[in-house]
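# Structure assessment
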Amino acid sequence: MWLRAAGHTMDLNTIAEIVRPTERREIPAWRAGDAFLAGGTWLFSEPQNRLTRLIDLSTLGRPPLRATDAGLEIAATCTITQLENMSMPALWPVKPLIEQCCNAFLASFKIKNVATVGGNIVMSLPAGPMISLCVALGGELIIWTPDGGTRRALVIGFITGNNRNTLGPGEIVDTIHLPAAALTRRTAFRQISLTNFGRSGALIIGTLDAAGAFALTVTASTPKPYQFRFDALPGADELTARIDGEVAGKWFGDIHGLPAWRRDMTLHFAREIVAELGGGAR
């Protein structure tokens, strides 16, 4: 069976079956050679010779976004464009941060129309901007387990390294929950790439709540996300010591940036973020 996804270039010629469930009970038991298909922007980008069956999650018809008193529910199949274009309640001033993270993709509008929030998290790449967003806002995953149950996992603990996470065989990320309290925080965002449209070398987010508590989320410059929490905005020396103390020797390096450069940019941006939030600017 030959498949070609719109906007992609790779035919998957080992696929013998496509399953399109419309509800959870129709999802077949997991077996070797299976892959869950959401947006497919990575799946169709390179050969997948070990795969024989695709289980298309887009046919489940999950509402992409739902705002409640408890926070924001984001379906794993919500596209980046749908998230970027959503209308936010006035009490949630994080719309600029959402837009900044959506625009941090190394992707054209065609990809953003197809790529999904859940797919970006499950890929678990250091530069995944949906990981950055969800960790900064205390995101929690609701995961369907093969036995018909569910489990929950904070995004920051779900990602364990470059392209590594705690998702087990047959498990599906169904929803990402962002708590309402996190959506009321002031935010500051910094991102850099070696080229104008390159993969992020460092993506740093600061949040400040009404009581003055500060959190700094470090992504892209490290293999997995790190978050540093303070009761109040820290001084530059305290901030540097906390980051270096925890990340020492663990900075990420590849063709998109050497570890030493990523460390320097992370510390520079961290100090800028503290100054911005301390000065009252958004």
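Residues numbered from 1 in each chain as written. Predicted model: local features only at pLDDT ≥ 70, side-chain atom pairs only at ≥ 80, totals over all residues. Heavy atoms only, no water.

Here the focus is the pairing of strand 13 (residues 214–219). Taken across its 6 residues, strand 13 has 6 buried, putting it largely inside the fold. Of the two faces of strand 13, the one lined by Phe214, Leu216 and Val218 and the one lined by Ala215, Thr217 and Thr219 are each fully buried. The pairing of strand 12 (residues 200–208) with strand 13 spans 6 bridges and is antiparallel. Its bridge partner lying in strand 13, Ile205 is registered against Thr217. (Buried < 20%, exposed > 50% of the residue type's maximum accessible area, 1.4 Å probe, protein only. Helix = DSSP H or I, 4+ residues; strand = E, 2+ residues; numbered from the N terminus. Pairing = 2+ DSSP bridges.)

Relative to each other, helix 7 (residues 236–247) and helix 8 (residues 259–279) sit at 140 degrees, their axes nearing to 10 Å. Regarding the angle of helix 7 to helix 8, the classification is oblique. Regarding helix 7 and helix 8, the two cross each other, and that crossing is right-handed. Of helix 8, the residues touching helix 7 (which contributes Ala236, Leu239, Thr240, Ile243 and Asp244) are Arg263, Leu267, Ala270, Arg271 and Val274. (Axes fitted to C-alpha atoms, helices over the stretch in contact; angles between N-to-C directions. Parallel < 35°, antiparallel > 145°, perpendicular 65-115°, else oblique. Left-handed = near helix turned anticlockwise from the far one by under 90°. Contact = heavy atoms within 4.5 Å.)

It is worth spelling out the side chain of Thr175 at this point. Inspection of the secondary structure assignment puts Thr175 in strand 10 (residues 172–179). Engagement of the side chain of Thr175 in a polar contact is seen with the side chain of Asp174, the distance being 2.7 Å. (Polar contact = N/O pair within 3.5 Å; in protein donor to acceptor, adjacent residues only side chain to side chain.)

One open sheet holds the 5 strands; their spatial order is 4-5-10-6-7, and the pairing between them is antiparallel. Edge positions in the sheet fall to strand 4 (65–68) and strand 7 (150–154), since each of these pairs with one other strand and no more. Direction aside, the axes of adjacent strands within the sheet are offset by 20 degrees on average. Where strand 6 (residues 140–144) and strand 10 come together, 5 bridges link them in antiparallel fashion. Within strand 10, the residue paired with Ile142 across the bridge is Thr175.

If you walk through the whole model with that rule in mind, you get 3 aromatic pairs. The interplanar angle of 40 degrees and the centroid separation of 5.0 Å between the aromatic rings of Trp30 and Phe36 together place this pair among those described as tilted. Exposure remark for Trp30: the relative accessible area of 36% places this residue in the partly exposed category. Ring centres of Tyr226 and Phe228 lie 6.4 Å apart, and the angle between their planes is 10 degrees; on these two criteria the pair is classed as stacked. The buried category is assigned to Tyr226, whose relative accessible area is 6%. Here Arg242 stacks its cationic end above the ring of Phe230, 4.5 Å away from the centre of that ring. (Phe/Tyr/Trp six-rings, centres within 6.5 Å; stacked < 30°, edge-to-face > 60°. Lys NZ or Arg CZ within 6 Å of the ring centre and 35° of its normal.)

With that out of the way, let us pick up the sheet that holds strand 2 (residues 34–37). One open sheet holds the 3 strands; their spatial order is 1-3-2, and the pairing between them is parallel. Both outer strands of the open sheet, strand 1 (17–19) and strand 2, are each paired with one neighbouring strand and no more. Strand-to-strand twist across the sheet, computed as the mean angle between neighbouring axes with direction ignored, equals 25 degrees. Bridge count between strand 1 and strand 3 (residues 53–56): 3 bridges; the pairing is parallel. Bridge pairing in strand 3 places Ile18 opposite Leu54.

For the rest of this paragraph, the subject is the pattern of salt bridges. Where charged atoms from two side chains of opposite charge approach closely, those side chains can pair. Under the counting rule described, the total for this entry stands at 15 salt bridges. The salt bridge involving Glu272 is made with Arg190; its shortest N-O contact spans 2.8 Å. Of this pair, Glu272 sits in helix 8 while Arg190 sits in strand 11 (residues 186–193), placing them 82 residues apart in sequence. Residue Glu272 is classed as partly exposed on the basis of its relative accessible area, which comes to 30%. The exposure class of Arg190 is buried, given its relative accessible area of 18%. Beyond isolated ion pairs, a larger network of salt bridges with shared partners links Glu17, Arg31, Asp34 and Arg53. (Salt bridge = Lys/Arg side-chain N within 4 Å of Asp/Glu carboxyl O.)

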